[in-house]
Number of protein chains: 4
Amino acid sequence: MAGSFLRRLFGGGPAAPERGVPKLLSLCEALLAESGEYASTAIARDALATYQGLDERDRDAFFDALASHYSPAPEAVAKAASAYQANPSPANFIALQDVVEPQRQELFRRLNMAPGGTAALVKMRKVLLKGLRARPGWRVIDADLMHLLRSWFNRGFLRLERIDWRTSAMVLEKLIDYEAVHAIRGWWDLRRRLEGDRRCFAFFHPQLPDEPIIFIEVALTHGMSAHVQPLLDQRAPVASPQQADCAMFYSITNCQEGLRGISFGNLLIKQVAEELKREFPHLRRFATLSPIPGFRRWLEEAGEQELLAKIADPAWHQGEVPETLQRRLMQRCAHYLLNAKQGAEPLDAVARFHLGNGAALERLNWLGDTSESGMARSAGMMVNYVYWLPEVEKNHERYFREHFIAASPPIEKLAREAPAGPAQKKGAG
Amino acid sequence: MAGSFLRRLFGGGPAAPERGVPKLLSLCEALLAESGEYASTAIARDALATYQGLDERDRDAFFDALASHYSPAPEAVAKAASAYQANPSPANFIALQDVVEPQRQELFRRLNMAPGGTAALVKMRKVLLKGLRARPGWRVIDADLMHLLRSWFNRGFLRLERIDWRTSAMVLEKLIDYEAVHAIRGWWDLRRRLEGDRRCFAFFHPQLPDEPIIFIEVALTHGMSAHVQPLLDQRAPVASPQQADCAMFYSITNCQEGLRGISFGNLLIKQVAEELKREFPHLRRFATLSPIPGFRRWLEEAGEQELLAKIADPAWHQGEVPETLQRRLMQRCAHYLLNAKQGAEPLDAVARFHLGNGAALERLNWLGDTSESGMARSAGMMVNYVYWLPEVEKNHERYFREHFIAASPPIEKLAREAPAGPAQKKGAG
Amino acid sequence: MAGSFLRRLFGGGPAAPERGVPKLLSLCEALLAESGEYASTAIARDALATYQGLDERDRDAFFDALASHYSPAPEAVAKAASAYQANPSPANFIALQDVVEPQRQELFRRLNMAPGGTAALVKMRKVLLKGLRARPGWRVIDADLMHLLRSWFNRGFLRLERIDWRTSAMVLEKLIDYEAVHAIRGWWDLRRRLEGDRRCFAFFHPQLPDEPIIFIEVALTHGMSAHVQPLLDQRAPVASPQQADCAMFYSITNCQEGLRGISFGNLLIKQVAEELKREFPHLRRFATLSPIPGFRRWLEEAGEQELLAKIADPAWHQGEVPETLQRRLMQRCAHYLLNAKQGAEPLDAVARFHLGNGAALERLNWLGDTSESGMARSAGMMVNYVYWLPEVEKNHERYFREHFIAASPPIEKLAREAPAGPAQKKGAG
Amino acid sequence: MAGSFLRRLFGGGPAAPERGVPKLLSLCEALLAESGEYASTAIARDALATYQGLDERDRDAFFDALASHYSPAPEAVAKAASAYQANPSPANFIALQDVVEPQRQELFRRLNMAPGGTAALVKMRKVLLKGLRARPGWRVIDADLMHLLRSWFNRGFLRLERIDWRTSAMVLEKLIDYEAVHAIRGWWDLRRRLEGDRRCFAFFHPQLPDEPIIFIEVALTHGMSAHVQPLLDQRAPVASPQQADCAMFYSITNCQEGLRGISFGNLLIKQVAEELKREFPHLRRFATLSPIPGFRRWLEEAGEQELLAKIADPAWHQGEVPETLQRRLMQRCAHYLLNAKQGAEPLDAVARFHLGNGAALERLNWLGDTSESGMARSAGMMVNYVYWLPEVEKNHERYFREHFIAASPPIEKLAREAPAGPAQKKGAG
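Residues numbered from 1 in each chain as written. Chains lettered and ligands numbered in written order. Predicted model: local features only at pLDDT ≥ 70, side-chain atom pairs only at ≥ 80, totals over all residues. Heavy atoms only, no water.

Novice: Could you give an account of the sheet that holds strand 5 (residues 285–288) of chain A, with specific residues and numbers?
Specialist: Residue and element names in this part refer to chain A. Strands sit in the order 1-2-3-4-5-9-8 across an open sheet of 7 strands; the sheet is mixed. On the outer flanks of this sheet lie strand 1 (159–163) and strand 8 (360–365), each paired with one strand and no other. Within this sheet the neighbouring strands show an average axis-to-axis angle of 30°, counted without direction. Sheet analysis places strand 8 next to strand 9 (residues 382–387), joined by 5 bridges and oriented antiparallel. What sits directly across from alanine 360, in strand 9, is valine 386. Docked against the sheet, helix 10 (residues 169–178) engages strand 1, strand 2 (198–204), strand 3 (214–221) and strand 4 (246–254), running at close to 90° with respect to strand 1. (Pairing = 2+ DSSP bridges. Helix = DSSP H or I, 4+ residues; strand = E, 2+ residues; numbered from the N terminus. Axes fitted to C-alpha atoms, helices over the stretch in contact; angles between N-to-C directions. Contact = heavy atoms within 4.5 Å.)

As structure tokens, then:
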């Protein structure tokens with residue numbers, strides 16, 4: 001019955017038992033034709049199982065079909081738009097909306113009814129995003145998925161949960177897999193990060209009970225941390241959280257590539273800060289210890305070849321470093337953070353995130369991260385962004401209105417000292 | 001800053017502290033302008049609190065503003081439609097979708113971020129629906145709310161829960177309030193309906209933890225019940241569910257008027273049937289004991305004045321009822337159920353629901369409900385619809401394809417015997 | 001096999017299928033003989049079911065058998081005691097303990113393995129206690145049950161739970177049944193007692209998940225309540241708990257008669273006070289509004305016939321009460337609370353409880369409880385005991401060391417003013 | 001105040017701030033003297049904290065004091081025993097019980113009121129047991145702890161929980177620590193043991209929520225496993241549990257040394273078998289794959305030096321093993337299992353456990369466990385005990401009545417073939 005035109009498309013004869021893409025498209029048609037929710041659930045389950053069984057080539061073919069067969073007919077759209085222009089009545093507007101909404105959306109809504117449907121669609125978008133550059137036609141699929149996922153993952157549906165050693169191994173294992181900033185080297189490393197002087201929180205969604213959406217790692221310290229290696233040391237003694245006066249956010253990881261473009265970090269940081277303030281009223285500072293991931297690349301683009309030559313040897317920082325080199329690097333880095341731009345915003349992605357959230361640039365930390373990737377991306381430097389609660393909203397507003405960057409006097413001074421270097425010539429600043 | 005044009009609209013001068021609708025519209029503007037999720041949550045909370053404080057007149061004014069100020073400009077729509085017609089590229093299609101989606105949707109999405117936001121929006125739609133007939137312009141608001149609620153209340157997000165005497169009083173109280181078919185007369189009536197020979201199930205949504213969405217009451221009986229009063233008798237002895245061979249669905253209630261138009265009943269009945277089959281494998285029949293709510297009205301519209309005269313006295317059924325009267329009423333009722341139509345579907349709303357789900361008309365029960373409303377609406381009759389699991393899918397499909405009504409031979413015979421009465425003349429059959 | 005001697009005792013022949021007490025005693029023997037826990041569980045279940053099916057006469061016979069058949073043989077005890085006296089070695093002491101412990105204890109321990117065993121044994125003791133006066137021989141059974149229940153209901157095993165409208169109806173129903181101080185008149189009365197300006201807490205035991213052990217009702221008020229009727233008024237408006245400065249403990253109920261003699265109230269009050277202090281740091285006073293249940297009876301025993309004659313008419317307090325009468329009654333009452341004794345402790349049971357916990361007598365409230373029972377037992381008066389946290393431990397210690405009663409100056413003054421009345425002559429003071 | 005005599009004992013002067021054992025004994029005295037539960041809880045907490053801070057020498061001194069100071073006076077016991085002998089009345093019996101019960105029991109009951117009290121007492125007994133051989137006087141302490149722990153860990157209080165990858169890391173870590181039969185080599189080994197073709201269950205007690213009491217590991221297999229190494233292989237592919245017809249119990253571990261002597265295994269195995277039967281109704285066999293831990297030692301004691309010489313080289317089984325050697329070893333092993341005794345029961349501890357539970361000896365497996373410990377203790381052999389549900393109760397009864405060992409014909413045949421070897425001469429069979 002359903003999907004006959006698609007069957008013809010894919011050349012399936014009536015005698016051939018359907019498999020692969022033709023079967024999947026038949027199921028999609030049947031799902032859209034079905035009027036009972038109960039039957040829909042069963043068809044949705046079959047459809048997702050069939051999708052999950054496709055190999056890469058077939059998946060591409062399925063996406064091609066989704067992109068080309070479920071968009072509205074241009075004539076119908078034009079007609080509805082004309083009617084609305086002639087008379088912008090509620091009836092005409094609703095009719096227009098109906099015409100413009102692609103059937104794909106309804107298809108995805110129905111696929112979501114299957115057990116595990118939401119997780120499957122999040123994964124489907126992850127795969128889709130990988131192919132998007134090569135297949136721009138798929139952007140219409142992405143727009144529909146994004147539209148629905150944005151509704152389903154509305155922040156009102158998320159719940160903040162503390163992660164600790166009482167959390168299920170299934171969730172903890174995901175943390176080990178996902179941690180992108182400072183890789184977790186196995187269960188005992190993770191255990192140290194969940195001890196009494198640490199906190200970890202994640203957002204969860206009711207439909208993905210075993211899947212963190214985003215998580216943050218916090219160290220409770222006395223004084224603001226300048227170096228990340230001590231925080232990552234598995235054998236570091238466990239301090240008393242009652243003595244701590246700082247909460248250091250040293251890692252924040254988005255877990256679901258399929259939710260790219262839906263932002264949760266701002267909300268997470270602030271809810272976590274509130275939660276910590278409740279548990280430890282004596283905390284005086286909420287700050288990050290963050291990488292400066294674009295610094296070294298920017299040095300290259302800015303033509304700082306001379307400076308780069310001095311740090312070309314991977315071991316450059318292990319002996320004594322000339323003070324002038326240190327000074328020069330720190331000046332360039334302060335300049336990069338304050339003045340290098342992408343449009344009107346900072347060029348550095350991490351800076352964009354925290355400054356946009358209302359944090360302030362507080363301190364540059366020399367050799368704050370001496371790991372291989374820390375040296376390669378940030379020339380070993382780290383930066384503390386401070387979330388100073390009474391200022392956060394004001395900073396956030398000024399950032400969005402005036403692209404104003406809140407920064408401490410020492411950082412501003414460093415940046416001012418930065419000599420007109422080659423960077424200036426190439427105009428990246 | 002935000003909402004200045006709206007403030008002018010509503011005459012608020014700069015000196016006047018904002019209150020009521022102007023304040024609410026300012027908050028809506030601010031919410032749409034806000035770029036951080038954390039701040040949004042706070043504004044959304046304020047906006048909902050302000051909305052909840054409005055009196056009826058102000059609420060109407062707010063809905064008027066929502067309807068008129070957040071729909072897309074007809075010219076912009078026409079332009080995007082033309083571009084899409086000229087070149088139906090992904091980019092043009094996505095641009096078209098962006099133009100057509102009213103900002104109201106984003107506004108509601110952001111309001112949903114407030115604590116309790118989903119519940120508040122469900123209630124907002126309930127209020128809106130009440131005024132819709134008088135204010136057809138509000139239909140655009142309803143379309144947007146419906147679009148979002150349909151996503152948020154996607155069946156994949158619902159969870160089936162058993163309701164029993166261990167359930168929280170907060171939820172049980174709602175059952176007492178909501179039960180629409182056979183009113184629950186207090187806590188001890190409810191308690192009887194949750195005893196060992198009964199089952200009650202509801203769908204819940206993660207965002208409305210204390211609010212049932214829809215619930216169903218089931219009696220486990222030996223033999224298919226023909227009369228509802230024994231099922232509602234608080235003092236009826238509790239039978240052993242192990243002896244039961246029938247599950248009688250004797251009441252099903254949609255609880256959230258604000259979700260009208262989103263159907264959950266089909267899924268609920270079938271999931272409950274599965275659940276019961278698992279707990280009591282020896283159950284042989286899943287059937288309803290249902291009212292025929294439109295029967296008496298139909299008799300009137302069909303011009304059966306002579307018949308109606310015989311049942312005009314409220315006590316007509318209390319003495320001995322002439323066999324010819326009983327026969328005649330039952331014949332007319334069978335005819336009504338099988339032949340009276342609204343379009344191609346049955347005229348009776350309950351029949352439409354169960355037959356559309358795939359159930360079959362099994363038996364007419366004389367004096368099945370002698371309550372006041374049962375006499376007034378159904379002339380005292382009740383009907384059993386049977387969910388015969390192996391046939392349900394086939395019935396459901398034939399109903400939707402051919403408008404076929406599955407009915408037992410005795411009911412079909414009764415309907416055939418119905419004399420060509422006045423109904424025929426008026427063509428309602 | 002097992003129980004053959006008992007069968008003979010009860011005259012059961014080998015052909016007679018066992019029922020009632022003989023069957024139960026056989027099961028007890030089998031249970032004691034069994035070496036595998038799994039089989040024991042099954043036998044224990046059968047034994048409890050058989051016990052629960054006994055009528056009253058058979059239950060008495062069973063208790064008689066329990067009392068007479070499971071105590072150790074006096075000679076064996078004497079022998080073990082002699083050995084221990086001769087040589088108080090560990091081995092001799094352990095042997096002595098083994099001999100002295102009645103087999104009943106092991107029997108009860110094994111009955112406890114059945115599902116619901118703990119609840120069944122608590123109920124068994126309740127029944128036993130009723131018959132104890134008439135059957136003093138059962139005291140040995142009670143001693144064994146008490147020994148075990150004291151272990152099983154060790155306070156370390158109890159968990160404090162808040163009771164509110166989210167609590168299961170099964171538990172709430174029990175509150176309605178059990179409340180002994182100020183009867184709960186149905187669900188809506190209970191609901192008022194669980195509103196935002198009230199708190200209710202109970203202790204639960206893991207083995208009795210649906211059974212509160214003891215519960216306390218608290219009103220959050222502004223100023224210390226003097227009258228109980230306003231607190232019990234279902235239509236009283238709900239106040240804001242944020243404005244409250246007092247927590248009034250107005251009712252505390254032990255639920256399990258079968259746990260009589262194991263005291264939980266002291267711990268409950270203090271844990272609840274801590275819990276409330278945490279939720280409402282601005283609370284300044286924790287006080288009770290308590291009956292004086294023995295006052296009127298004491299007036300009778302003290303020969304205050306003249307005074308009693310003035311309050312003999314049930315309506316005596318409804319018109320204007322002569323000031324001298326009020327004064328005289330309050331003086332006598334203060335005297336009763338401070339000076340009437342049972343041994344070295346107060347004669348009034350409620351006073352013994354709160355003063356022993358470390359509370360102080362704060363205020364006498366004229367016409368604090370005008371209900372029928374309030375008038376009949378306390379001549380309408382109520383008293384506030386204050387739990388002044390910094391003094392509680394000291395008061396408690398002095399009470400137990402010196403039988404010191406902490407009382408406010410006004411109450412002490414009232415008591416001093418009490419004229420040498422007839423009470424003095426009879427020496428009850 | 002409290003404990004002055006003890007202070008004198010330990011030489012503490014009034015000026016010396018109490019520490020260590022004197023402080024602890026003062027706290028114990030205070031705890032016994034205290035009449036309010038709330039204060040008791042605080043003292044109990046202090047006492048346990050003080051105990052936990054003791055070094056080994058002080059702990060020994062504390063146990064010595066516990067053993068010597070809290071047992072009843074022999075004269076008082078003798079007097080109460082005489083009274084009871086003269087008149088075995090309830091009053092005399094209860095008085096006797098009171099005298100005989102050492103105050104230590106009350107002390108431990110009160111210590112149990114502290115948060116974490118139960119866990120602390122379980123650990124205290126673990127330490128005590130270690131010193132018991134050297135300090136037989138401590139046996140009276142052990143008797144009291146055992147008496148209470150037996151009540152508190154009554155099987156009615158335990159709940160069976162499935163352990164899987166959703167279990168908290170805190171509990172899983174304990175499994176890794178405790179597993180005694182086949183050591184778990186880290187998290188990925190554990191993960192494999194919790195995959196879809198495995199099951200793991202544990203008993204938990206409400207007071208020790210993060211501490212398994214005993215746990216069992218099960219493999220769902222097709223056919224009865226003969227070799228344990230494939231079950232322990234982390235890289236073994238995961239089979240479908242739906243295809244399995246056997247549940248192989250391949251490891252069972254008691255976790256709490258402090259509960260030694262309280263047996264949970266019988267109940268666990270049978271509840272797990274029921275649970276598995278419910279989940280997988282097609283399972284046909286419940287069997288163990290068990291070591292024979294005493295076999296090789298018995299060979300030595302039985303003087304089988306000639307046989308032992310042949311397996312002295314650790315690599316003896318890695319090349320080809322002469323058929324006569326295999327035959328001879330298996331015969332001796334069958335003989336050991338069936339005929340070597342400790343009293344009337346089997347000499348082998350694992351055999352005693354499973355045969356006492358009602359299992360039957362089913363099959364000897366040549367080279368069933370080639371691990372180092374498997375070779376060292378069992379000469380590489382393993383045995384399957386089968387829990388054949390319809391026979392389990394009968395076997396269990398015959399075992400306890402007649403010391404009957406249920407065994408399969410092949411094992412009995414093997415044992416009969418065992419030549420009169422040196423074992424016979426030494427009479428160990």
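Novice: Describe the interface of chain A and chain D, listing the residues and the values that go with them.
Specialist: A common way to report how large an interface is uses the accessible area buried once the components associate. Taken together, the contact pairs 12 residues of chain A with 12 residues of chain D. Of the roughly 1200 Å² buried at the junction of chain A and chain D (both faces included), carbon and sulfur atoms supply 57%. It is Trp165, Arg166 and Trp187 of chain A in chain A that bury the most area against chain D; as a group they hold 43% of the surface buried on that side. Applying the counting rule to chain A against chain D returns 4 salt bridges. At the junction of chain A and chain D, the tally comes to 12 residue pairs in polar contact (both at pLDDT 80 or more). (Buried area = accessible area lost by both parts, 1.4 Å probe. Salt bridge = Lys/Arg side-chain N within 4 Å of Asp/Glu carboxyl O. Polar contact = N/O pair within 3.5 Å; in protein donor to acceptor, adjacent residues only side chain to side chain.)

Novice: Account for the packing of aromatic side chains, naming residues and giving values.
Specialist: In this structure the tally under the stated criterion is 62 aromatic pairs over all chains. Between tryptophan 165 of chain B and tryptophan 188 of chain B, the ring centres sit 6.4 Å apart and the planes meet at 45°, which makes this aromatic pair tilted. In this pair, tryptophan 165 of chain B is assigned in the loop between strand 1 (159–162) and helix 10 (169–178) and tryptophan 188 of chain B in helix 11 (residues 187–192), connecting sequence segments 23 residues apart. Residue classification places tryptophan 165 of chain B among the buried positions, given a relative accessible area of 6%. Here the guanidinium or amino end of arginine 398 of chain C rests over the ring plane of phenylalanine 404 of chain C, the centre of that ring lying 3.6 Å away. (Phe/Tyr/Trp six-rings, centres within 6.5 Å; stacked < 30°, edge-to-face > 60°. Buried < 20%, exposed > 50% of the residue type's maximum accessible area, 1.4 Å probe, protein only. Lys NZ or Arg CZ within 6 Å of the ring centre and 35° of its normal.)

Novice: For the nonpolar core, give the residues involved together with the corresponding values.
Specialist: Core analysis: the largest hydrophobic core is formed by 225 residues, its most contacted members being Phe62 of chain C together with Phe62 of chain D. Apart from the residues within four sequence positions on either side, phenylalanine 62 of chain C is in contact with Val21, Leu24, Leu25, Cys28, Tyr51, Leu54 and Met124 of chain C. Listed in part, the 223 residues of the second largest apolar core include Tyr51 and Leu54 of chain A together with Ile311 and Ala415 of chain B. (Core = buried A, V, L, I, M, F, W, Y, C linked by side-chain atoms within 4.5 Å.)

Novice: Explain the relation of the copies chain B and chain A to me, and be specific about the residues and the numbers.
Specialist: Each copy of the sequence occupies a distinct position, and chain B is placed on chain A by a rotation of 180° and an axial shift of 0.0 Å, giving an RMSD of 0.1 Å. Those values place the two copies in the arrangement expected of a two-fold rotation axis. A share of 98% of the interface residues of chain B reappears at the interface of chain A, consistent with the copies meeting face to face through the same patch. (Least-squares fit on C-alpha atoms with pLDDT ≥ 70 in both.)

Novice: I'd like to hear about the packing of helix 16 (residues 323–339) of chain D against helix 20 (residues 409–417) of chain D, residue by residue, with values.
Specialist: Relative placement of two packed helices is described by the angle separating their axes and the distance separating the axes. All names here are of chain D. Contact geometry for helix 16 and helix 20: axes closest at 7 Å, N-to-C directions at 105°. Put simply, helix 16 runs roughly perpendicular to helix 20. Listed contacts from helix 20 to Arg327, Met330, Gln331, Ala334, His335 and Leu338 of helix 16 are Ile411, Glu412, Leu414, Ala415 and Glu417. For the contact of helix 16 with helix 20, a count of residues per class yields 6 nonpolar, 2 polar and 3 charged. (Parallel < 35°, antiparallel > 145°, perpendicular 65-115°, else oblique. Nonpolar A, V, L, I, M, F, W, Y, C, P; charged D, E, K, R; others polar.)

Novice: Could you give me a rundown of helix 19 (residues 389–402) of chain C, with the residues and numbers involved?
Specialist: All names here are of chain C. The end-to-end C-alpha separation of helix 19 is 20 Å, in line with the 20 Å expected for 14 residues at 1.5 Å each. Within the sequence span of helix 19, burial applies to Val392, Asn395, His396 and Tyr399. The buried residues of helix 19 occupy one face: seen down the axis, they fall within an arc of 105°. Opposite the buried face of helix 19, at more than 90 degrees from it, the exposed residues are Pro390 and Arg401. Looking at the buried positions of helix 19, the neighbouring elements they touch are helix 13 (265–279), strand 7 (345–346), helix 17 (349–357) and strand 8 (360–365). (Expected span 1.5 Å × (residues − 1). Arc of directions from axis to C-beta.)

Novice: If you had to explain the side chain of asparagine 357 of chain C to someone new, which residues and values would you point to?
Specialist: All names here are of chain C. Summarising the element assignment, asparagine 357 is placed in helix 17. Exposure remark for asparagine 357: the relative accessible area of 5% places this residue in the buried category. Reaching out from asparagine 357, the side chain makes a polar contact with the side chain of tyrosine 387 at a distance of 3.1 Å. Setting aside anything within four residues of it in sequence, one finds asparagine 357 in contact with Asn266, Ile269, Lys270, Tyr387, Val392 and His396.

Novice: Account for the interface of chain B and chain A, naming residues and giving values.
Specialist: Tallying the contact residues gives 61 residues for chain B and 60 residues for chain A. Between chain B and chain A, a total of about 5100 Å² is buried, with carbon and sulfur atoms accounting for 62% of that surface. For the chain B face of the interface with chain A, the top three residues by lost area are Glu37, Tyr38 and Phe157 of chain B, together amounting to 14%. For the interface between chain B and chain A, the tally reads 0 salt bridges. Counting across the chain B and chain A interface gives 17 residue pairs in polar contact (both at pLDDT 80 or more). Looking at the side of chain B that touches chain A, the elements with two or more residues in it are helix 3 (37–52), helix 5 (74–86), helix 6 (90–100), helix 7 (103–111), helix 9 (139–152), helix 13 (265–279) and helix 19 (389–402) of chain B. Counting residues per element, the side of chain B that touches chain A draws most heavily on helix 9 of chain B, which supplies 8 residues. Here the residues of the side of chain B that touches chain A sort into 28 nonpolar, 21 polar and 12 charged.

Novice: Describe the pairing of strand 2 (residues 198–204) of chain C, with residues and values.
Specialist: All names here are of chain C. Of all 7 residues that make up strand 2, 7 are buried, and the element is covered over most of its length. Of the two faces of strand 2, the one carrying Arg198, Cys200, Ala202 and Phe204 and the one carrying Arg199, Phe201 and Phe203 are both buried. Pairing analysis gives 4 bridges linking strand 1 (residues 159–162) to strand 2, with the strands arranged antiparallel. Each residue of the ladder has a partner; that of leucine 160, found in strand 2, is phenylalanine 203.

Novice: Mind laying out the side chain of glutamate 304 of chain B, listing which residues take part and the relevant values?
Specialist: Residue and element names in this part refer to chain B. With respect to the helices and strands, glutamate 304 occurs in the loop between helix 14 (295–301) and helix 15 (305–310). Among the residues examined, glutamate 304 registers a relative accessible area of 2% and is labelled buried. Among the polar contacts listed, one links the side chain of glutamate 304 to the side chain of arginine 328, at a separation of 3.1 Å.

Novice: Would you mind going over the pattern of salt bridges in detail, with residue names and values included?
Specialist: Applying the stated criterion to the full structure yields 120 salt bridges over all chains. Taking the shortest distance from any N to any O, the salt bridge between arginine 166 of chain C and aspartate 210 of chain B comes out at 2.3 Å. Highlighted residues: arginine 166 of chain C in the loop between strand 1 and helix 10 (169–178) and aspartate 210 of chain B in the loop between strand 2 (198–204) and strand 3 (214–221), drawn from two different chains. Under the relative-accessibility criterion, aspartate 210 of chain B is labelled buried at 15%. A salt bridge links aspartate 245 of chain B to arginine 284 of chain B; the nearest nitrogen and oxygen atoms lie 3.6 Å apart. On the criterion of sequence distance, the pair formed by aspartate 245 of chain B in the loop between helix 12 (229–232) and strand 4 (246–254) and arginine 284 of chain B in the loop between helix 13 and strand 5 (285–288) is long-range, its members being 39 residues apart. We classify arginine 284 of chain B as exposed; its relative accessible area is 60%. Among the charged side chains, a salt-bridge network with shared partners connects Glu179, Arg185, Asp189, Arg193 and Glu217 of chain A.

Novice: I'd like to hear about the arrangement of the chains, residue by residue, with values.
Specialist: Taking C-alpha atoms as the reference, chain A and chain C come no closer than 12 Å and do not contact one another. One finds no contact between chain B and chain D; the C-alpha atoms of the two approach each other to within 12 Å at their closest.

Novice: How would you sum up helix 9 (residues 139–152) of chain C? Please name residues and give values.
Specialist: The terminal C-alpha atoms of helix 9 of chain C lie 20 Å apart, and with 14 residues this matches the ideal 20 Å at 1.5 Å per residue to within 8%. Counting buried positions along helix 9 of chain C gives 11 out of 14 residues, so the element sits mostly inside the fold. For helix 9 of chain C, every residue scored as buried is listed here: Val140, Ile141, Asp142, Asp144, Leu145, Met146, His147, Leu148, Leu149, Ser151 and Trp152 of chain C. Looking at the packing, one finds that the buried side of helix 9 of chain C touches helix 4 (56–69), helix 7 (103–111) and helix 8 (117–132) of chain C together with helix 6 (90–100), helix 7 (103–111) and helix 9 (139–152) of chain D.

Novice: Pulling in residues and values, what's your account of unusual backbone geometry?
Specialist: Phi is positive for leucine 367 of chain B, which is not a glycine, with a value near 55°. Looking at the secondary structure, you find leucine 367 of chain B in the loop between strand 8 (360–365) and helix 18 (372–378). Leucine 367 of chain B sits in the buried class, given a relative accessible area of 18%. Here alanine 379 of chain C, not a glycine, exhibits a phi torsion of approximately 50°, which is positive. Among the residues examined, alanine 379 of chain C registers a relative accessible area of 0% and is labelled buried.

Novice: Please set out the environment of leucine 148 of chain B residue by residue, giving values where relevant.
Specialist: Tracing the backbone through its elements, the reader meets leucine 148 of chain B in helix 9. Judged by its relative accessible area of 0%, leucine 148 of chain B falls in the buried class. The spacing of leucine 148 of chain B and leucine 121 of chain B is 27 residues in sequence and 9.9 Å in space, taken between C-alpha atoms. The contacts of leucine 148 of chain B, once residues within four sequence positions are left out, are Ser151 of chain A together with Gln105, Phe108 and Arg109 of chain B.

Without other data, these values stay purely geometric and don't point to any function.
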